[in-house]
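# Residue-level structure breakdown
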Amino acid sequence: MRDDTASRSPSPEAIRIEGLHKSFGPLEVLKGVDLVAHEGDVVAIIGGSGSGKSTMLRCINFLETPSSGRIVIGGEEVRMRPDGSPADRRQIERLRQSLGMVFQQFNLWTHKTILENLIEVPVYVLGTPKDQAVARAERLLARVGLAEKAGAYPAFLSGGQQQRAAIARALCMEPRAMLFDEPTSALDPELVGEVLGVIRDLAAEGRTMILVTHEMKFAREVSSHVIYLHNGRIEEEGPPDRVFGDPKSDRLKQFLKTVA
Amino acid sequence: MELIGAAGAASTLDLLAYSPPGWGANLLRGLWNSILIAGGAFGLGLLIGIFGAYGKLYGGPVLRDLLAVYTTVVRAVPELVLILILYYAVTDAVNQALIAFGHERIQISGLAAGIVVLGFVQGAYATEVLRGAILAVPPGQIEAARAMGMPATLLARRITLPLMLSYAIPGLANLWLVATKDTALLAVVGFGELTQETRQAAGATKAYFTFFMAAGALYLTLSLVSTYLFARLERHARRGQPSVGGAR
């Protein structure tokens, strides 16, 4: 069932998850899941509502605290207490700075302009000189087609523009990998395309990405590996053409039929 | 009535003149003291409020209980009673301690005592105003900063506090106006703020109506200027947020 990772290019590991469990009170949301993403991989996580896919993504940068398991970012294992909570706050902060997260609800800071949103973390957390950060931010905004919106406040942008700005904000930290948590689920249908276009470009330039999505066609197109989660377990995984073109398990077949 | 009529406009102006025998300088000194106390108390209250709000939201159970006792007691007991308790009891306790350690008894300045006492009261209200405002900040924006590895204190300073300000300002403006008027309560402990100065001027000249009207006008002016400044501050804090006014 498992995809043979050794057959792919032997580039270094970016993200590794082993035996990840997560419970909210009595409810076990993740029942031991694994994931390996090498540099340049695009891993798509799909699954129904409540399957645990967002939780799995959010455990990577500890927005959710795992109950147990191992998480390794760029060869560095996150030090955890026996209950899964991070043992070293500073390590978590440092590792988070190497992971660009994009949220369903964009989460741009409403009291800052788009440009201020982009340079906030580089300047005030990473210590990048301001002129350098501004130059990089302007380059990234131009790339996502928002050069003329640098001075605007987020509330005055469309959802698609906000999400493109949020992607640029994450890129501005020059992260090792990008984490996308259903980046188009909050968008009007006609705005989905512009955001997927930006993500597609990132995949094409060989960025490491973990992508939780409901866009099956898109997942098949951009990903190098697909994970299908069901009830907190990996039901099936493999290369996209295999998973989508020739699903083995009945649950995945059923799922693909309902979302098609 | 006859007294006022007999005194006439000219002598009213004489009474309020800046230099003696007018009492204008005394009133302005009182006003200035009131502003100092209100400003100091408001600032201290804000500081207590920030720590109180964060403590109530993120603190451990012991800290939360202590803060609950603080906000409950201070908000339950009348300010005047608190001022009498804190002013006399606290200065007495400080002096007892000083004597016990072999020091001289000291006279605590009315200004410092006033700021501490009113600040302590303001802090309880500010804790609740700020706690509510922090809860009103969209959690996603705080989560975004956390996800990018922003340390907690920087996150509070750069993201949470500026964002909560727009929710907190109406409540804080109320607190400031209450602070300016609560300074009048310090008259009972004989501190020379505006009300006390007014009382002395009125008592000495028997022109009660004139002086209390003048004091009222000064309080009103202070309030109008404050309201204007808070409105400007609120506009700044709400930058980037579309106005709801247009939807009416």
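Residues numbered from 1 in each chain as written. Chains lettered and ligands numbered in written order. Predicted model: local features only at pLDDT ≥ 70, side-chain atom pairs only at ≥ 80, totals over all residues. Heavy atoms only, no water.

Scanning the model with the defined rule gives 24 salt bridges over all chains in all. The closest approach of N and O atoms between E64 of chain A and R58 of chain A, which form a salt bridge, is 3.1 Å. Judged by relative accessible area, E64 of chain A falls into the buried class, the value being 16%. With a relative accessible area of 13%, R58 of chain A lands in the buried category. Across the salt bridge formed by R58 of chain A and E143 of chain B, the nearest N and O atoms sit 2.6 Å from each other. In this pair, R58 of chain A is assigned in helix α1 (residues 53-60) and E143 of chain B in helix α6 (residues 139-147), connecting two distinct chains. (Salt bridge = Lys/Arg side-chain N within 4 Å of Asp/Glu carboxyl O. Buried < 20%, exposed > 50% of the residue type's maximum accessible area, 1.4 Å probe, protein only. Helix = DSSP H or I, 4+ residues; strand = E, 2+ residues; numbered from the N terminus.)

With that out of the way, let us pick up a nonpolar patch on the surface. Residue and element names in this part refer to chain B. Together, L80, L84, Y88 and V188 make up a nonpolar patch on the protein surface, roughly 330 Å² of accessible area in all. Looking at where L84 falls in the secondary structure, it is placed in helix α4 (residues 79-100). On the basis of relative accessible area, L84 is assigned to the partly exposed category, the value being 34%. (Patch = residues over 30% accessible without salt bridge, like charges linked within 9 Å, V, L, I, M, F, W, Y side chains within 5 Å. Areas by Shrake-Rupley, 256 points an atom, 1.4 Å probe, with all protein chains shown as cover.)

Tallying the contact residues gives 20 residues for chain B and 24 residues for chain A. Surface buried jointly by chain B and chain A totals about 2100 Å² across both partners, of which 61% is contributed by carbon and sulfur atoms. On the chain B side of the contact with chain A, A147, M148 and R158 of chain B bury the most area, a combined 30% of that side's loss. For E120 of chain A, the salt bridge identified is with R158 of chain B, shortest N-O distance 2.7 Å. Counting every contact that joins chain B to chain A gives nine residue pairs in polar contact (both at pLDDT 80 or more). Residue assignment for the side of chain B that touches chain A shows that the elements contributing at least two residues are α6 and α7 (152-182) of chain B. No other element matches α6 of chain B, which puts seven residues into the side of chain B that touches chain A. Its residues assigned to classes, the side of chain B that touches chain A comprises 12 nonpolar, four polar and four charged. (Contact = heavy atoms within 4.5 Å. Buried area = accessible area lost by both parts, 1.4 Å probe. Polar contact = N/O pair within 3.5 Å; in protein donor to acceptor, adjacent residues only side chain to side chain. Nonpolar A, V, L, I, M, F, W, Y, C, P; charged D, E, K, R; others polar.)

Let us look at the environment of W32 of chain B. Residues and elements named next belong to chain B. Its place among the elements puts W32 in helix α2 (residues 24-58). Accessibility expressed as a relative area gives 52% for W32, which makes it exposed. Spatially, the C-alpha atoms of W32 and L194 are 7.8 Å apart, while their sequence positions differ by 162 residues.

This next bit is on the UniProt feature "transmembrane region" (unreviewed entry) in chain B. All names here are of chain B. UniProt's entry tags residues 33-54, 66-90, 159-179 and 207-231 with the feature "transmembrane region" (unreviewed entry), counted in the numbering of this structure. The span residues 33-54 shows a helical share of 100% and a strand share of 0%, and its end C-alpha atoms are spaced 31 Å apart. In the segment residues 66-90, helix accounts for 92% and strand for 0%; the C-alpha atoms at its two ends are 20 Å apart. (UniProt positions renumbered as here; feature names shortened; annotations may be inferred.)

Before going further, it helps to spend a moment on the nonpolar core. Grouped together as the largest cluster of nonpolar side chains are 63 residues, with contacts concentrated most on I15, L35, M56, I60 and I210 of chain A. A total of 12 residues in this core trace back to one element, the largest contributor, which is α7 of chain B. Residues in contact with M56 of chain A, not counting those within four places in the same chain, are I17, L20, L30, V33, D34, L35, I45, I227 and L229 of chain A. Listed in part, the 40 residues of the second largest apolar core include F106, L115, V123 and A137 of chain A. (Core = buried A, V, L, I, M, F, W, Y, C linked by side-chain atoms within 4.5 Å.)

Pairing between sheet strands relies on hydrogen bonds along the backbone, with the strands arranged either parallel or antiparallel. All names here are of chain A. Strand order in this open sheet of four strands is β2-β1-β4-β5, and the pairing throughout is antiparallel. The sheet is open, and its two borders are formed by β2 (27-38) and β5 (76-77), each paired with just one other strand. As defined by bridge partners, strand β1 (residues 13-24) adjoins β2 across nine bridges and the pair is classed as antiparallel. Residue F24 lies in a different strand from β2, and its bridge partner there is L27. Lying over the sheet, α1 contacts β1, β2 and β4 (68-73), oriented at roughly 120 degrees with respect to β1. (Pairing = 2+ DSSP bridges. Axes fitted to C-alpha atoms, helices over the stretch in contact; angles between N-to-C directions.)

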